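# Residue-level structure breakdown
Residue strings, one per chain:
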4 protein chains.
Amino acid sequence: MLSGKEVAQHNTRESCWIIVHGKVYDVTEFLDDHPGGSRIILKYAGKDATQEYDPIHPPDAITSNLPIEKHLGPVEPDTVEKVEVQITDEEKLRLERMEKRPLLSEILNLHDFESIAKLVMPDKAWAYYSSAADDEITIRENHAAYHRIWFRPRILRDVTKVDFSSTILGHKTSMPIYITATALGKLGHPDGELNLTRAAAKHGVIQMIPTLASCSFDELVDAAQPGQVQFLQLYVNKDREITKRIVQHAESRGIKGLFITVDAPQLGRREKDMRQKFEAEDPAEVSKSGSDGVDRTQGAARAISSFIDPGLNWGDLKWFKSITKMPLILKGVQCWEDALEAYDQGMAGVVLSNHGGRQLDFARSGVEVLAECVTHLKEKRGLKFPNEKFQLFVDGGVRRATDVIKAIALGATAVGIGRPFLYSYSAYGQEGVDQALQILRDEFEMNMRLLGAPTIKDVVPEMVDASNLNSHIVAVPSDSLFNTNYEVMQHAMLKTKPKL
Amino acid sequence: MLSGKEVAQHNTRESCWIIVHGKVYDVTEFLDDHPGGSRIILKYAGKDATQEYDPIHPPDAITSNLPIEKHLGPVEPDTVEKVEVQITDEEKLRLERMEKRPLLSEILNLHDFESIAKLVMPDKAWAYYSSAADDEITIRENHAAYHRIWFRPRILRDVTKVDFSSTILGHKTSMPIYITATALGKLGHPDGELNLTRAAAKHGVIQMIPTLASCSFDELVDAAQPGQVQFLQLYVNKDREITKRIVQHAESRGIKGLFITVDAPQLGRREKDMRQKFEAEDPAEVSKSGSDGVDRTQGAARAISSFIDPGLNWGDLKWFKSITKMPLILKGVQCWEDALEAYDQGMAGVVLSNHGGRQLDFARSGVEVLAECVTHLKEKRGLKFPNEKFQLFVDGGVRRATDVIKAIALGATAVGIGRPFLYSYSAYGQEGVDQALQILRDEFEMNMRLLGAPTIKDVVPEMVDASNLNSHIVAVPSDSLFNTNYEVMQHAMLKTKPKL
Amino acid sequence: MLSGKEVAQHNTRESCWIIVHGKVYDVTEFLDDHPGGSRIILKYAGKDATQEYDPIHPPDAITSNLPIEKHLGPVEPDTVEKVEVQITDEEKLRLERMEKRPLLSEILNLHDFESIAKLVMPDKAWAYYSSAADDEITIRENHAAYHRIWFRPRILRDVTKVDFSSTILGHKTSMPIYITATALGKLGHPDGELNLTRAAAKHGVIQMIPTLASCSFDELVDAAQPGQVQFLQLYVNKDREITKRIVQHAESRGIKGLFITVDAPQLGRREKDMRQKFEAEDPAEVSKSGSDGVDRTQGAARAISSFIDPGLNWGDLKWFKSITKMPLILKGVQCWEDALEAYDQGMAGVVLSNHGGRQLDFARSGVEVLAECVTHLKEKRGLKFPNEKFQLFVDGGVRRATDVIKAIALGATAVGIGRPFLYSYSAYGQEGVDQALQILRDEFEMNMRLLGAPTIKDVVPEMVDASNLNSHIVAVPSDSLFNTNYEVMQHAMLKTKPKL
Amino acid sequence: MLSGKEVAQHNTRESCWIIVHGKVYDVTEFLDDHPGGSRIILKYAGKDATQEYDPIHPPDAITSNLPIEKHLGPVEPDTVEKVEVQITDEEKLRLERMEKRPLLSEILNLHDFESIAKLVMPDKAWAYYSSAADDEITIRENHAAYHRIWFRPRILRDVTKVDFSSTILGHKTSMPIYITATALGKLGHPDGELNLTRAAAKHGVIQMIPTLASCSFDELVDAAQPGQVQFLQLYVNKDREITKRIVQHAESRGIKGLFITVDAPQLGRREKDMRQKFEAEDPAEVSKSGSDGVDRTQGAARAISSFIDPGLNWGDLKWFKSITKMPLILKGVQCWEDALEAYDQGMAGVVLSNHGGRQLDFARSGVEVLAECVTHLKEKRGLKFPNEKFQLFVDGGVRRATDVIKAIALGATAVGIGRPFLYSYSAYGQEGVDQALQILRDEFEMNMRLLGAPTIKDVVPEMVDASNLNSHIVAVPSDSLFNTNYEVMQHAMLKTKPKL
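Cut-offs and rules
- Residues numbered from 1 in each chain as written.
- Chains lettered and ligands numbered in written order.
- Predicted model: local features only at pLDDT ≥ 70, side-chain atom pairs only at ≥ 80, totals over all residues.
- Heavy atoms only, no water.
- Buried < 20%, exposed > 50% of the residue type's maximum accessible area, 1.4 Å probe, protein only.
- Helix = DSSP H or I, 4+ residues; strand = E, 2+ residues; numbered from the N terminus.
- Lys, Arg positive; Asp, Glu negative; His and termini not counted.
- Salt bridge = Lys/Arg side-chain N within 4 Å of Asp/Glu carboxyl O.
- Polar contact = N/O pair within 3.5 Å; in protein donor to acceptor, adjacent residues only side chain to side chain.
- Contact = heavy atoms within 4.5 Å.
- Buried area = accessible area lost by both parts, 1.4 Å probe.
- Nonpolar A, V, L, I, M, F, W, Y, C, P; charged D, E, K, R; others polar.
- Pairing = 2+ DSSP bridges.
- Axes fitted to C-alpha atoms, helices over the stretch in contact; angles between N-to-C directions.
- Parallel < 35°, antiparallel > 145°, perpendicular 65-115°, else oblique.
- Left-handed = near helix turned anticlockwise from the far one by under 90°.
- Least-squares fit on C-alpha atoms with pLDDT ≥ 70 in both.
- Domains from an automatic or database assignment.
- Phe/Tyr/Trp six-rings, centres within 6.5 Å; stacked < 30°, edge-to-face > 60°.
- Lys NZ or Arg CZ within 6 Å of the ring centre and 35° of its normal.

Within helix 18 (residues 401-410) of chain A, ten of the ten residues are buried, leaving the element largely enclosed by the surrounding structure. Just downstream of helix 18 of chain A, Gly411(A) is the residue with a positive phi angle, here 125 degrees.

This is how it looks when you write it as structure tokens:
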């Protein structure tokens, strides 16, 4: 058993030990790979980091990320010095802003959660959640694409009662949406993904549990209500045995669908996130590292994703069918050719998604790919959508129930929503997610009625005009000289003095 | 008979009585449904509210909105304490701005009325009139759509005399426009919709009386000049007897057309309006209500519209034909399929409208739907437009006579204009509406001449190029990094010192 | 003969006499029609206005605008009090800015003249020259349309010598442009249109003399160099005898082409100009007039244009052919149907123009109409363009030689340029126009070379891609909430402190 | 031999001698042609300019630019006064900014180099590098065009290994890019183009040596590593003997490809650059020159480019084939017709380029022309692309590996990158170029993987949607009055005071 005194000597970048839950770990080589940056670890070099560790990590994070030989064993409790967590000035300001949040009842739409979360969540959480690939074109296009789809509402239909419940893979949902998988849920709130599990139960919607959750898988399954349906999002490990264990464990715990991520053979670079890390780092440290040529900037994504197998291919699907009876869905399909292949290989469906714009910039929006898939799968295989046997899902860019309704009209079974719920709980905890789901319900009711569609089945392709969906227009660059010479028109103005 | 003293004891949110025109009403349960918010009522809890009530309500508003059991009967006049209306600092500033309005002759176009009204009308009136559904895309698209229609003017036609008078449902109008129905007219001006009735008479245009007028229906009919034509806009009541009474009363009073609203089975959420209410409310009250989970935010729309029947459907039209001989027009048709159905069911016409963008966001503009209807009704039923038997009307987004002329060229019989007239009288009373109509006349004369069309019949489809009308383009999101690096060109500049 | 003393008594709005060049005029009824506003006249009520009058009026302006009965005859010179012209503070600032103009050699393009002119010319001149119809969409579209036309340059052609001279109606021009007609030239510079005549001579280009020139027609013809070609733009008078006199006088003075304006049966309202007048007026006067309901706001345009015949029509063209042998060109044709009619009626050509955006807003740009005309006249009459027998001209929105070259490629014979030359001389007098023409020459030489076209004949349709010319796109209104939530990407930034 | 005293007397604009490397030159007539302006030379009139000359000129610049009769011979060393180089305040500020550059490891993409270079490089270097033709529409369009091309990524392909190496004209490159030719490399950094040679070697990419390099051709060839491939960009001299000598010398030194520039019979006017020169000049001098009508504004481009032959034409290609065996590529082809002609004439390829937007404004982007060429050359000659026998290259506007990948998918063999590397070394010297190439490698690896393309051959046309590539849209001008009246939506906001 190690003594606190011994541990305390390893308090440098060159040899950095920390204590978590009474055990000592040598994290020297892990420093540059830490998603939250090395600085925060170095602050606890040679000390007990439990208090800082707990709110943002799953319990098994350190043991599963660190090679076994770096687990140095237990420390004598009495010999460890107590650590007082210090609150930075920035953190104080953030907490003050937290106090000034508007009432939940003043939050009128999903955008509002984002605007408040941006102000009250930790900077690194905001940077991680909000960032996307390269120039962040696709993340915005995901939303913009919905604005190129317009409604053709029908009138004089009895909409006294509107029912927007539906089914996903045969399971009931109160709305044609699901909570899609997103990583590192505790960055925004100490309860992490549990916020989603609880709100999903309350509102009768399905949660997709992420491989890279901050909470452990079992925690999230344990938190489910009896009968509550959950799916699992899967990053496939290079070591298939690990993957097999995860999949079969999930099935045994009652998971109802396996969403295999196929758009992330490598996790994307997100420059806004990288830029944030530089600012958060100790400049002196960065300088040192910069000069020795070590690239630590892509550490976060690599650290949490280096296990993902870039060799995963169509040939592997057979194996998946051999190890589980859960329906298999490919998450991240981006053209009709691959949707067709998935259908031919017996998948239960596909998620048309570009990973929230976080992977390949200039990937098209899911809803645009949806329209393409519906056309070609009808032509090639005679399929009609929505289709019970082969379900099309879409995610990315959704902020309004009207967005969802547009995707449904075009043939989607349901739509995944991710970031808006992260922002909801980052700002208000589980109550935020509750309110977000309530807002969506209200919007569904209103808009189904206004569209003249009493049920989800009544939401048909003729109700939308998507003829401009494929238009990717960048205007001719502006004529600066002409425009600055042009004197903009002014409207009537008040007199500077009142009439006498 | 109640005494003022007794009434005065009911001065809390828990029990709130008020006196209006010498009678006492228990408005406790109505507080959260009051369109103007609860705060303003609570100010008069236990007191005489007549002075505050009169300028913004129709005389029968309180009796018809409050269940009979809340009418507590007369109060002894002498026992009531006089109330001095206090003017807030904000109101003082508003009244000062009112004094600084530019001369009416300096108002050059309909936009000008809006810019002045925005400054001089009460905030809640502005919020109610100007707000629209969800992200307010459709309200702006209504105007934008006109900018995608361009003219093909003809030359060398004798336009010494231009005559832009026309007929609507067989009734003469000096211009091919009508004043469309809008709710709560007294929010902007104490005379409410009477301003419109009077100006309509003066300029020979037709007013459509709204179901939700601030003035009573009979007031507005009484104010009409002999021979002045008026239409009625109808929200259909769940209780058809009430609707029957309204319709038959209207017919007996000489109303010449019944415009049945079909795009509002439920009145839309308008977030700008809701946001304004939160600010206007007493924060303490809001806080209380927020914490007890009562949602009061949709109160205004619900309160004034809960009677509307979401079950209204095509089957009901036969009944309407059985109770009145007035021509029936469906207001709020949004695709050619429904226009065709209306034609087949013997309607006299349809208003292609999305309710000023206040109902379903991403509904297309009326003028876009117009082009679609003309094409398909010609193809399916051989109809030509404009058509005396089945008239197409359009409303939404109109600010210039050129907008109207575009719709006429595409086949509309006439165009409804709403908000611009509200802003006109909110800023200048009836004289404002007079001036607005005069501006439109001037614009008509000028533009008919420049277009080479001496009469409305000469405004033909070949005079417009509407080939881009259906383009709903959202540009590719901007490249922030490239754009900020680009150094914008500068034109020549003055020397900082004069030449020596 | 009147005495100065007698004149001096008529110094009010009710009776206003002024002296110009020793003669007395009663301008009382003309006050509201004066293009420059009544205020400036009232300043000289009862006094000698010659000093103020001269720099901005043609010598015969007052005699031809005022009915003969208002010509009160000569005044005794000695009895007239001397008037000292006072310079306002604004005028002083303007003159200071004039001193700070950059050197002419620092003016790099036509945009530069506009940016300097805007600062150094009188406000009312800027307002009159720069303003356009309604929302000023067409004036800007005129320029924007050129930005939808792109080049397809050819390589490896011998462009050692490039010759961009051409002919217009058989007359040589050094460039395929002409100086088009614009009104009230002295507002910007005391020499008015003479600046254009002189610079046109120097650079071998053709000037079109406007009916509403500030200089008299004969002055402008007298100023021409031997052999210098001039055209005449004609507003047709209701009194055809006057028109006949003007036309035949022009022919006798050697004018080589008659451009009959057909897009202005009534002169357009230009709100920027109207707004400026209100500001310039004496508020007290305006107030008075405003309250008595007299509309003086359209005075300027009406005053100078009330003689124009809105009854002019195709039937009149025969008469024009009977009174002159000059080639007749219709100026202001805006669709192929009218261009075809002009051809069939034996015109020598048409100017595809919307009057610089000053008449009908949402009229299409000349260059867009050009492409349409070329297509249809080829189809209907087998014409090829450019065509010696029936010439197509275009004006509006031109700022670069590339704009002109695009029009030439599409089939135009030459392109008219107006405002840029007004701005050139308003800022720098005749030297400004010289420099503007020199800049165009330099641009022509450069761009013809880069395009691979040694002569104007080598500028062929295949050298441009005009496939987007007809696209009139207005984007879907922006999503304010989404956009404000989006955190714009930042590039790398300097450290706040230097490295140590 | 001249004495320093004699030289010192020629210290005026009228007679200006300078000393460089111990020899005297009469530069009086060259003053106005000096690319860096006359002012900087006049500062050294009559003095030793070596210290100022060296860092920005190739050693033979002065001897080859000045006629032999202006070479006045050696000066007696001891008689020359020493010159102290003074640093201006602006230069001091620039050097301070240089100290504050972020670490190279903080540079995340090519945009970042530009943003830093803009701040730390000399103004005249920035103006020369960043400027482009006319209104700088094409330079921005070059980048914008890539944003109209979207990806159609494929999934479930084994991308464990990705190999983006390729060949250009048979020579290996580690990435499908090359460093294209740009002029005056020492303006940004004293080592000029050598920075590129060295980094190219390190990363295994090919450099194209420019005719107008600041370093001499032999310096750049000498600096190459054994086996390092270099191309030569050629401006063809009016004197073909000089051209022959250059070409044959290049071949003898091992140059592997001759890129003949065909888009610059005359070098473009770049107004941003010209504007900068005016500011840099001594106002007094400018004034003098302005008044005598001498135009010095186009001096820089003319001075360095007056030798270029505008008579170069298709007939000359045969001669080139007769003097060299190097593969010949035409640089600056801008339509398919000329690409076809180049193929028919036996060229080895063409560079689809508009010279970085520096020549003809409104020339289309290379990548747009690429799509056109692939279509038509397939149709006319049955060619498939990429093609070993006739290679298509593209340059202009590239900032991301995704841009390159798009061009490859459309059929390009490789893509030229110019300005980004200039900015890289202007900010950080050779290490900057290293880092820029490393960033591109990282981006290639990531994006090839995400696209599902393990090798360059797997990047096929079906992987991109370029259907909007030809859209050159300029929106309808904005409606100022409507837009300013519209009150933009606001999201939820923090309370101004914390909850109590």
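Having seen the structure, we can now continue with the description.
As a further point, take the side chain of Asp361(D). Note on placement: Asp361(D) falls in the loop between strand 12 (349-352) and helix 17 (366-381). For the buried residue Asp361(D), which engages in no salt bridge, the nearest side chain bearing the opposite charge is Arg400(C), 6.1 Å off. Side-chain polar atoms of Asp361(D) contact the backbone nitrogen of Thr138(D), separated by 2.8 Å.

This part is about the interface of chain D and chain C. Residue-level contacts link 72 residues of chain D with 58 residues of chain C. Together chain D and chain C conceal approximately 5800 Å² of surface at their shared face, both sides included; 61% is due to carbon and sulfur atoms. When the area that chain D buries against chain C is broken down by residue, the three leading residues are Lys100(D), Leu360(D) and Phe362(D), summing to 13%. Between chain D and chain C we count eight salt bridges in total. Note that Glu337(D) is salt-bridged to Arg152(C), the shortest N-O span being 3.0 Å. Our count for the chain D to chain C interface comes out at 22 residue pairs in polar contact (both at pLDDT 80 or more). The greatest single-element share of the side of chain D that touches chain C, amounting to five residues, is contributed by helix 6 (residues 110-120) of chain D.

On the side of chain A, 72 residues touch chain D, which itself brings 58 residues to the contact. Across the chain D to chain A interface the summed buried area is about 5800 Å²; carbon plus sulfur atoms make up 61%. On the chain D side of the contact with chain A, Trp150(D), Ile155(D) and Leu156(D) bury the most area, a combined 15% of that side's loss. Where chain D packs against chain A, one counts eight salt bridges. If you look at where chain D meets chain A, you find 22 residue pairs in polar contact (both at pLDDT 80 or more). With eight residues, the single largest contributor to the side of chain D that touches chain A is helix 19 (residues 419-451) of chain D. For the side of chain D that touches chain A, the per-class residue count stands at 22 nonpolar, 15 polar and 21 charged.

All right, on to the sheet that holds strand 2 (residues 23-26) of chain A then. Sheet strands pair by backbone hydrogen bonding; their relative direction is either parallel or antiparallel. All names here are of chain A. What the three strands build is an open sheet, ordered 1-2-3; its pairing is antiparallel. Looking at strand neighbours, the two that pair on one side only are strand 1 (17-20) and strand 3 (71-74), the edges of this open sheet. Between one strand axis and the next, the sheet turns through 25 degrees on average, direction left out of account. In the sheet, strand 1 pairs with strand 2 via four bridges, with the strands oriented antiparallel. Looking at strand 2, one finds that valine 20 is bridged to lysine 23.

To continue, consider the packing of helix 16 (residues 336-344) of chain C against helix 17 (residues 366-381) of chain C. For any two helices packed against each other, the geometry comes down to the angle between their axes and how far apart the axes lie. All names here are of chain C. For the pair helix 16 and helix 17, the least separation of the axes is 9 Å and the interaxial angle reads 50 degrees. By the angle between their axes, helix 16 is oblique relative to helix 17. Helix-helix and strand crossings are classified by hand; for helix 16 and helix 17 the assignment is right-handed. On the side of helix 16, the interface is formed by Trp336, Glu337, Ala339, Leu340, Tyr343 and Asp344, while helix 17 contributes Glu372, Cys373, His376, Leu377, Lys380 and Arg381. Broken down by class, the residue content of the contact of helix 16 with helix 17 amounts to six nonpolar, one polar and five charged.

Here the structure, examined in full by the defined rule, presents 107 salt bridges over all chains. A salt bridge links Glu141(B) to Arg148(B); the shortest N-O distance between them is 2.8 Å. Each member of the pair Glu141(B) and Arg148(B) is classed as buried. As a salt-bridge pair, Arg253(C) and Asp222(C) come within 2.7 Å of each other at their nearest N and O atoms. In this pair, Arg253(C) sits in the loop between helix 11 (240-252) and strand 10 (258-261) while Asp222(C) sits in helix 10 (residues 217-222), placing the two residues 31 residues apart along the sequence. Residue Asp222(C) is classed as exposed on the basis of its relative accessible area, which comes to 53%. Beyond isolated ion pairs, a larger network of salt bridges with shared partners links Asp134(A), Asp135(A), Arg269(A), Glu271(A), Arg400(D) and Glu443(D).

Residues and elements named next belong to chain A. The residue glutamate 379 is located in helix 17 (residues 366-381) in this model. Given a relative accessible area of 57%, glutamate 379 falls into the exposed group. Taking the C-alpha atoms as reference points, glutamate 379 and phenylalanine 307, separated by 72 residues in sequence, lie 39 Å from one another.

With that settled, the discussion passes to the relation of the copies chain D and chain C. Least-squares fitting of chain D to chain C yields an RMSD of 0.1 Å, with the superposition described by an axial translation of 0.1 Å and a rotation of 90 degrees. The operation mapping one copy onto its partner corresponds to a four-fold rotation axis.

Moving on to helix 7 (residues 123-130) of chain C. In terms of burial, helix 7 of chain C is a largely internal element, six of the eight residues being buried. The complete set of buried residues in helix 7 of chain C reads Ala125(C), Trp126(C), Ala127(C), Tyr128(C), Tyr129(C) and Ser130(C).

All names here are of chain A. Domain assignment breaks chain A into domain 1 (4-79) and domain 2 (127-266 + 308-485). Each of domain 1 and domain 2 was reduced to a C-alpha centroid, and the two centroids are 37 Å apart. Counting residues at the interface gives six residues for domain 1, matched by eight residues for domain 2. Of the roughly 450 Å² buried where domain 1 meets domain 2, counting both sides, 61% is carbon and sulfur surface. At the boundary of domain 1 with domain 2, the tally comes to zero salt bridges. There are zero residue pairs in polar contact (both at pLDDT 80 or more) connecting domain 1 and domain 2. Split into classes, the residues belonging to the side of domain 1 that touches domain 2 amount to four nonpolar, one polar and one charged.

All names here are of chain C. Taking strand neighbours around the barrel as the criterion, the eight strands line up as 7-8-9-10-11-12-13-14 in a closed arrangement whose pairing is parallel. When strand polarity is set aside, the average angle formed by the axes of neighbouring strands in this sheet is 30 degrees. In the sheet, strand 9 (residues 230-234) pairs with strand 10 via three bridges, with the strands oriented parallel. Within strand 10, the position partnered with glutamine 233 by the bridge is phenylalanine 259.

Residue and element names in this part refer to chain A. Position of alanine 492 relative to the elements: it lies in the segment after helix 20 (480-485). For alanine 492, a relative accessible area of 5% puts it in the buried group. For the pair alanine 492 and proline 265, spaced 227 residues apart in sequence, the C-alpha to C-alpha distance is 59 Å.

This part covers the packing of aromatic side chains. Per the stated rule, a full pass over the model turns up 44 aromatic pairs over all chains. Measuring from ring centre to ring centre gives 5.8 Å for Tyr178(B) and Phe393(B), while their planes differ by 90 degrees; the resulting arrangement is edge-to-face. In this pair, Tyr178(B) is assigned in strand 7 (residues 177-179) and Phe393(B) in strand 13 (residues 391-395), connecting sequence segments 215 residues apart. Across the pair, Phe393(B) and Tyr178(B) agree in class, each one buried. Feature note: the residues Tyr178(A), Phe231(A), Phe259(A) and Phe393(A) constitute an aromatic cluster, connected by ring pairs. The ring of Phe362(B) has Lys406(A) lying over it, and the distance from NZ or CZ to the ring centre is 3.3 Å.

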